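As a plain string of letters, each chain reads:
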Amino acid sequence: TTKDLQLEIAQARAAQGQWIESAEAWRQALRTADYLEQAASYALAPTPSASRAQIRDIFLAPPIEVPARRALAALEMTWGSPADGWNALRGLPPDSAAADAWSEFAKRAEAEERWPLAREALEAALRVGRTTDLAIRAATAAMNSGDAGAALRLAPLSDAGADSAKIARTYLPLHARALAALGRPAEAEKLVSQYDRFLSPGAHNSLIRTIAWGWVRT
C-alpha cells in the first residue's frame with residue numbers, strides 16, 4: 001500500500017543518513033498512520049544539528065497536522081530543545097486532539113522538571129476541558145515554577161465541590177504548600193484543621209511539616 005511504501009522509504013532514508021528525504025516521507029506516513037509518531041521521532045533523532053532546521057520546516061509546513069506536530073515535539077525534546085518542542089504544539093487549534101497532545105508533552109516536561117513549559121502546556125489543555133487531574137498537575141507545575149499564587153488559582157477548592165475527602169486527599173497538600181510559600185501559614189493551619197478528620201496520620205504529619213516551614217519562612 002501507499003502507507004507501507006512511505007514507511008519503508010522513511011525508514012530506509014533515515015538508515016542511509018538522508019535526513020531531509022526521510023523527514024518528508026515520515027510526514028507523508030503520519031497522515032494516514034498517526035501511531036507512527038514515536039517511530040518517526042526515534043528514526044530522526046540522530047539528525048545532525050546542521051539539518052535540524054530543515055526537519056523543523058518540513059513538520060511545521062502547512063497544513064497543521066497534529067501527528068506531525070507531536071512527532072516534532074518529541075524530536076525537539078530528544079534534541080534538548082524543549083522550548084522548540086512546545087512551540088511546535090502551542091499553535092494547534094484548541095480541540096480534544098490538541099489537549100491530548102499538550103497533556104502528553106507536559107508529562108515529559110514534568111519528568112524532566114521543566115516546570116514553566118509543563119505549566120503552559122497544562123494550562124492550554126485546561127482551557128479545552130477541565131479535569132481534576134489537569135488542574136492539579138497545572139497547579140503543581142506553577143508551584144514548582146515558583147508561582148504559588150497561580151497554584152491556588154489553577155486548582156481552587158471549589159473544583160471539588162462538597163467532597164471533603166477529595167479535598168483532603170487531592171487539593172489540601174497543594175494548597176497548604178502554596179499558602180506556606182506565600183507566608184500565610186495561619187491560613188494553611190486553619191485549612192488543615194478543617195479537613196483533619198479526613199487525613200491519614202502520615203498525611204497529617206506531612207502537612208504539619210509544611211506549615212512549620214511556612215512559619216519559619218514568615
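Residues numbered from 1 in each chain as written. Predicted model: local features only at pLDDT ≥ 70, side-chain atom pairs only at ≥ 80, totals over all residues. Heavy atoms only, no water.

Asker: Tell me what's going on with the packing of aromatic side chains, and back it up with residues and numbers.
Answerer: In this structure the tally under the stated criterion is two aromatic pairs. Centre to centre, the rings of Trp 86 and Trp 102 are 6.4 Å apart; their planes meet at 65°, and the pair counts as edge-to-face. On the criterion of sequence distance, the pair formed by Trp 86 in helix α6 (residues 82-90) and Trp 102 in helix α7 (residues 96-111) is long-range, its members being 16 residues apart. Like Trp 102, Trp 86 is buried. Of the aromatic side chains, those joined through ring pairs into one cluster are Trp 86, Trp 102 and Phe 105. (Phe/Tyr/Trp six-rings, centres within 6.5 Å; stacked < 30°, edge-to-face > 60°. Helix = DSSP H or I, 4+ residues; strand = E, 2+ residues; numbered from the N terminus. Buried < 20%, exposed > 50% of the residue type's maximum accessible area, 1.4 Å probe, protein only.)

Asker: I'd like a description of the pattern of salt bridges, backed by residues and values.
Answerer: Pairing between side chains becomes possible if they bear opposite charge and their charged atoms approach one another. As enumerated under the stated definition, the model contains 15 salt bridges in all. The partner of Glu 187 in a salt bridge is Arg 184, with the nearest N and O atoms 2.8 Å apart. Taking the relative accessible area as the measure of exposure, Glu 187 reaches 39% and is therefore partly exposed. When salt bridges with common partners are traced through the structure, they connect Arg 27, Arg 31 and Glu 65 into a single cluster. (Salt bridge = Lys/Arg side-chain N within 4 Å of Asp/Glu carboxyl O.)

Asker: Hey, could you go over the packing of helix α3 (residues 37-44) against helix α5 (residues 66-78) for me, with residue numbers and the actual values?
Answerer: For any two helices packed against each other, one specifies the crossing angle of their axes together with the interaxial distance. One can describe the packing of α3 onto α5 by two numbers: an axis separation of 8 Å at closest approach and a directional angle of 40°. As far as their axial angle goes, α5 and α3 are oblique. Every pair of crossing elements has a handedness; the one defined by α3 and α5 is right-handed. Residues Glu 37, Ala 40, Ser 41 and Leu 44 of α3 pack against Pro 67, Arg 70, Ala 71, Ala 74 and Leu 75 of α5. (Axes fitted to C-alpha atoms, helices over the stretch in contact; angles between N-to-C directions. Parallel < 35°, antiparallel > 145°, perpendicular 65-115°, else oblique. Left-handed = near helix turned anticlockwise from the far one by under 90°. Contact = heavy atoms within 4.5 Å.)

Asker: Outline helix α8 (residues 115-128), listing residues and values.
Answerer: Taking 1.5 Å per residue, 14 residues should reach 20 Å; α8 reaches 20 Å between its end C-alpha atoms and fits that length. Counting buried positions along α8 gives ten out of 14 residues, so the element sits mostly inside the fold. Those residues of α8 not exposed but buried are Trp 115, Leu 117, Ala 118, Arg 119, Ala 121, Leu 122, Glu 123, Ala 124, Ala 125 and Leu 126. Buried-residue contacts for α8 involve α6, α7, α9 (132-144) and α10 (148-154). (Expected span 1.5 Å × (residues − 1).)

Asker: Before we move on, can you summarise unusual backbone geometry with the specific residues and values?
Answerer: Here the bond from Pro 62 into Pro 63 is cis, since omega is 0°, no more than 30 degrees from zero. Tracing the chain through its elements places Pro 63 in the loop between α4 (49-60) and α5. Positive phi outside glycine occurs at Glu 113, with the angle close to 55°. Within the element layout of this structure, Glu 113 appears in the loop between α7 and α8.

Asker: Account for the nonpolar core, with residues named and values stated.
Answerer: Grouped together as the largest cluster of nonpolar side chains are 51 residues, with contacts concentrated most on Trp 86, Leu 89, Trp 102 and Phe 105. Per-element accounting of this core gives the leading share, nine residues, to helix α11 (residues 164-181). Of all hydrophobic cores here, the second largest spans 24 residues; its members include Trp 26, Leu 36, Ala 68 and Leu 72. (Core = buried A, V, L, I, M, F, W, Y, C linked by side-chain atoms within 4.5 Å.)

Asker: Run through the packing of α9 against α11, naming residues and quoting values.
Answerer: In the contact formed by α9 and α11, the axes pass within 11 Å of each other and the chain directions differ by 20°. Viewed along their axes, α9 and α11 adopt a mutual orientation that is roughly parallel. The two elements α9 and α11 meet at a crossing, and its hand is left-handed. Contacts between α9 and α11 pair Thr 132, Ile 136, Ala 139, Thr 140, Met 143 and Asn 144 from the former with Lys 166, Thr 170, Tyr 171, Leu 174, Arg 177, Ala 178 and Ala 181 from the latter. Residue classes in the contact of α9 with α11 are distributed as seven nonpolar, four polar and two charged. (Nonpolar A, V, L, I, M, F, W, Y, C, P; charged D, E, K, R; others polar.)

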